[in-house]
Amino acid sequence: MLASDLPETASLLDLIGARHPASVTIVAPSSPIPTDRHHAQLQLREGIDEAARQLAEAEVDDADRDAVLASLRALLDDEEFWQSQSRSTVVLASPGRVEAFRLPSRLEARASVGDRFDAGQLLRAVSFPRRAFVIQVSREGGRLSELGPDLGLTERRLELPDDLWAALEHTTTDGQRDMPRPQGTTGDRIEREKFSRIIQDAVVRVVPADVPLILAASQDLEPAYRAVNTHRLLLERGIDAHPDSLSSADLEQAARDILDAHEQDELAQWRERFGSLRAQGLATSSVREAAVAASTAAVDELLFDLAFEHEGVIDEAGHITRAPDAGPSTYAILDEIAARVLGSGGRVRAVRSTDLPDGAPVAAVLRFPLPADLA
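This structure is a prediction, so every number in the text was calculated from the model and none was measured.

J.: A description of the sheet that holds strand E17 (residues 362–366) should follow, citing residues and the corresponding values.
T.: Read across the sheet, four strands follow the order E11-E17-E12-E16 without closing on themselves; strand pairing throughout is mixed. Of all strands in the sheet, those with a lone pairing partner are strand E11 (283–284) and strand E16 (347–351), marking the two edges. The pairing of strand E12 (residues 299–305) with E17 spans five bridges and is antiparallel. Bridge assignment links Leu302 to a residue of E17, and that residue is Ala364.

J.: Hey, could you go over the packing of helix H1 (residues 9–17) against helix H10 (residues 333–343) for me, with residue numbers and the actual values?
T.: Where H1 meets H10, the closest approach of the two axes is 10 Å, and the angle between their N-to-C directions is 130 degrees. Judged by the inter-axis angle, H1 sits oblique to H10. By crossing handedness, the relation of H1 to H10 is classed as left-handed. Packed against H1, whose contacting residues are Thr9, Leu12, Leu13 and Ile16, the element H10 presents Ala339, Leu342 and Gly343 at the interface. Residues of the contact of H1 with H10, tallied by class, amount to five nonpolar, two polar and no charged.

J.: Lay out the sheet that holds strand E2 (residues 88–94) in plain terms, naming residues and giving numbers.
T.: Strand order in the open sheet made by the four strands is E3-E2-E1-E4, with antiparallel pairing throughout. If you trace the sheet from one side to the other, it starts and ends with strand E3 (97–103) and strand E4 (110–114), each paired once. Looking at each pair of strands side by side, their axes are set apart by 10 degrees on average, direction ignored. Summarising the sheet, strand E1 (residues 23–29) and E4 pair through five bridges and their orientation is antiparallel. Among the inter-strand pairings, Thr25 is bridged to a residue of E4, identified as Ser112.

J.: So, the packing of helix H5 (residues 120–127) against H10: which residues are in play, and what are the values?
T.: What describes two packed helices is the angle between their axes and the distance between those same axes. Here H5 crosses H10 at 60 degrees, and the two axes come no closer than 10 Å. Classified by the angle their axes make, H5 and H10 are oblique. Crossing hand, H5 versus H10: left-handed. Facing H5, whose interface residues are Gly120, Leu123 and Arg124, H10 presents Leu334, Asp335, Ala338, Ala339 and Leu342.

Reading the values: the criteria
- The residue count restarts for each chain, going from 1 along the sequence in the order it is written.
- The predicted nature of this model means local features are confined to residues of pLDDT at least 70 and side-chain atom pairs, given and counted, to a pLDDT of 80 or more, with totals for whole chains, interfaces and linings taken over all residues.
- Values reported for side chains reflect all heavy atoms of the structure, with hydrogen atoms and water molecules removed beforehand.
- Two strands qualify as a pair provided that DSSP identifies no fewer than 2 bridges between them.
- To qualify as a helix, a DSSP run of H or I must reach at least 4 residues; to qualify as a strand, a run of E must reach at least 2; elements of each kind are numbered from the N terminus.
- For every element, the axis is a line fit to its C-alpha atoms; helices are fit only across the contacting stretch, and the angle between N-to-C directions ranges from 0 to 180 degrees.
- Any angle from 65 to 115 degrees is called roughly perpendicular, while one under 35 is roughly parallel, one over 145 is roughly antiparallel, and all others are oblique.
- What makes a crossing left-handed is the near helix being turned counterclockwise from the far one by less than a right angle; a clockwise turn instead makes it right-handed.
- What makes two residues a contact is simply this: any of their non-hydrogen atoms within 4.5 Å.
- Here the term charged refers only to Asp, Glu, Lys and Arg, the term nonpolar to Ala, Val, Leu, Ile, Met, Phe, Trp, Tyr, Cys and Pro, and the term polar to all other amino acids, Gly among them.

In C-alpha cells:
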C-alpha cells in the first residue's frame, strides 16, 4: 500500500505560518516499489546538496545552517521512514524542526531556501484530493479499495468475520440445521441486509466521512447494501457489473469515470451558485479582490487553479506585488490566498483551470460584500 501522510488543516497552517531565514523545502520524486528505495534516497540526497548550496549563499547563521543540514541528512538513514513510500516526498526543515510528507502524486524535483516553507504542494495535495473508495459486495464477501489522484486501486483491509457467509442462511429447524432461504427479490431480504450491514459497518470504520464511496455490488445485494448504508457520501451511481467479473483495471476505470462525473456535477452546481451570488456582490473571480477578501476573512469558499504558480508578495491588507521570478522572499500568490482563507475558517479546493468560471485562476464565494474602497 502506498504511504500517504497529508497534514491536517491545523498542522498545514502551522507550517505555512512558520518563519525562519533558514527554512528549507525539498521535493524529491520517490517510488512505492521497495526495490526503488536507493533511487528515492539518491533523489533526496541531491535535494539536500542543492539546499546546502543555497544555504551557503544565503545570509544564514552557520550554526542554523549546520543544524538544518544535519536533520536532513539524518532522514536519509531513518529506516522507519523508508519502509513505505509513495510517488513523491516533500521535506520541510528549519533549525530544530524537520517534517517529511509522502504524496501520492508525481512531482518535479526541486529545493528552495527562504524565510518560510514552500508548502504549496502540500496545500494543493490537501485541497485536490481526487480520492474515493470502492466497495465490492457479492456473496463471496466484501473487498474495499482506495482510488487516489494518479494511482491504481489500492486494497484496504476490512475487518470481516470468517463466517460472514452464515448471515445469508436462515435457520428453519430450531437451530438444528441451517438451510438457505429462497432466492429472489424478497425471499432472503432480511439475510441480504444482515450480510450487507456487516460489510457496511466495517467499511465506515475505514472510509472517512468526507470521502466518496462507490458501490460495485451483485444485482441481488446492491439494494440491500444501499438500504443499510450510513456513509453519507455513498454515490448514487454505482458500477453496473458483477464485482467478481471485473479486472482491477476495469474496476479502476469504472470507478474513475463515476468519480469524474460526480465531481463535474458538483462543480457545475457550484458554478451556478457562484453566478447567482456574484449578482448579489457575494462572489468574485478577480485575483486582486480574492486576495483582499482572504485577508479580511471575507471568503467562505475558494476554488483556485491547480496549475497557476505566479509568484509575488501579498501584504496584510491583501494588496499584491507580483514578482517576475521566484525568490527567497516571494511565494505563489494563490497558495498564500488559499492559506489565508483556511486560516479564517473558509473552505479551499484546488481544481483544473477548465473548472473555473470566466477563465480566471480563482473563484471566491464571500461571507459579506467587500466595501468599495477595499475591492
